[in-house]
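# Architecture at a glance
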Amino acid sequence: MTDRPGHDRRYAIDASKIERELGWTPAETFATGIRKTVTWYLENQTWVGNVQSGAYREWLEKNYVGRTA
């Protein structure tokens, strides 16, 4: 399968410049962030089920089709 033009095949952030210039560091590491993400999905099975069943898409269409930004 071909990828869409201009699509990045890899996403990576180098935060060294913002850390160096502004003293900012991320609040999460990959390990803590992925753990929180997986925990959220496990604790929100109703939402996951609605997305998987198509109910979420139906809700979006009902509430957002025809709206302008």
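Residues numbered from 1 in each chain as written. Predicted model: local features only at pLDDT ≥ 70, side-chain atom pairs only at ≥ 80, totals over all residues. Heavy atoms only, no water.

Attention now moves to the overall build of the chain. Broken down by element type, the chain carries four helices and zero strands. Rg of the C-alpha trace for the chain: 18 Å, well past the compact-globule value of 11 Å for 69 residues, more than 25% over. Projected onto the principal axes, the alpha-carbon positions of the chain cover approximately 45 × 35 × 35 Å. Counting only residues that meet the buried cut, the chain has 3% of its 69 residues in that class. When the accessible surface of the chain is split by element, carbon and sulfur atoms take 55% of a total near 6,900 Å². For the chain, the distance from the average site of its 10 positive side-chain charges to the average site of its 9 negative ones is 2 Å. (Helix = DSSP H or I, 4+ residues; strand = E, 2+ residues; numbered from the N terminus. Rg over C-alpha atoms; globule rule 2.2 N^0.38 Å. Buried < 20%, exposed > 50% of the residue type's maximum accessible area, 1.4 Å probe, protein only. Areas by Shrake-Rupley, 256 points an atom, 1.4 Å probe, with all protein chains shown as cover. Lys, Arg positive; Asp, Glu negative; His and termini not counted. Charge placed at Lys NZ, Arg CZ, Asp CG, Glu CD.)

Across the chain, the average pLDDT comes to 87, with 96% of residues at 70 or higher. Across the chain, the element-wise mean pLDDT spans from 87 in helix α4 (residues 55-64) up to 96 in helix α2 (residues 30-43). (pLDDT = per-residue confidence, 0-100.)

Our next topic: the packing of aromatic side chains. All told, the structure shown has six aromatic pairs when counted by the stated rule. Residues W40 and W47 carry aromatic rings whose centres are separated by 5.3 Å and whose planes lie at 75 degrees to one another, so their mutual orientation is edge-to-face. Taking relative accessible area as the criterion, W40 reaches 39% and is therefore assigned partly exposed. (Phe/Tyr/Trp six-rings, centres within 6.5 Å; stacked < 30°, edge-to-face > 60°.)

This part takes up the packing of α2 against helix α3 (residues 45-53). The interhelical angle for the contact between α2 and α3, taken along N-to-C directions, is 80 degrees, at an axis separation of 5 Å. Accordingly, the angle class assigned to the pair α2 and α3 is roughly perpendicular. Here α2 contributes W40, Y41, L42 and E43 to the contact with α3, which in turn contributes Q45, W47 and V48. Split into classes, the residues belonging to the contact of α2 with α3 amount to five nonpolar, one polar and one charged. (Axes fitted to C-alpha atoms, helices over the stretch in contact; angles between N-to-C directions. Parallel < 35°, antiparallel > 145°, perpendicular 65-115°, else oblique. Contact = heavy atoms within 4.5 Å. Nonpolar A, V, L, I, M, F, W, Y, C, P; charged D, E, K, R; others polar.)

Turning to the pattern of salt bridges, a few remarks are in order. The tally for this structure, following the rule as stated, stands at one salt bridge. Residue E28 is joined to K36 by a salt bridge in which the shortest nitrogen-to-oxygen separation is 2.5 Å. (Salt bridge = Lys/Arg side-chain N within 4 Å of Asp/Glu carboxyl O.)

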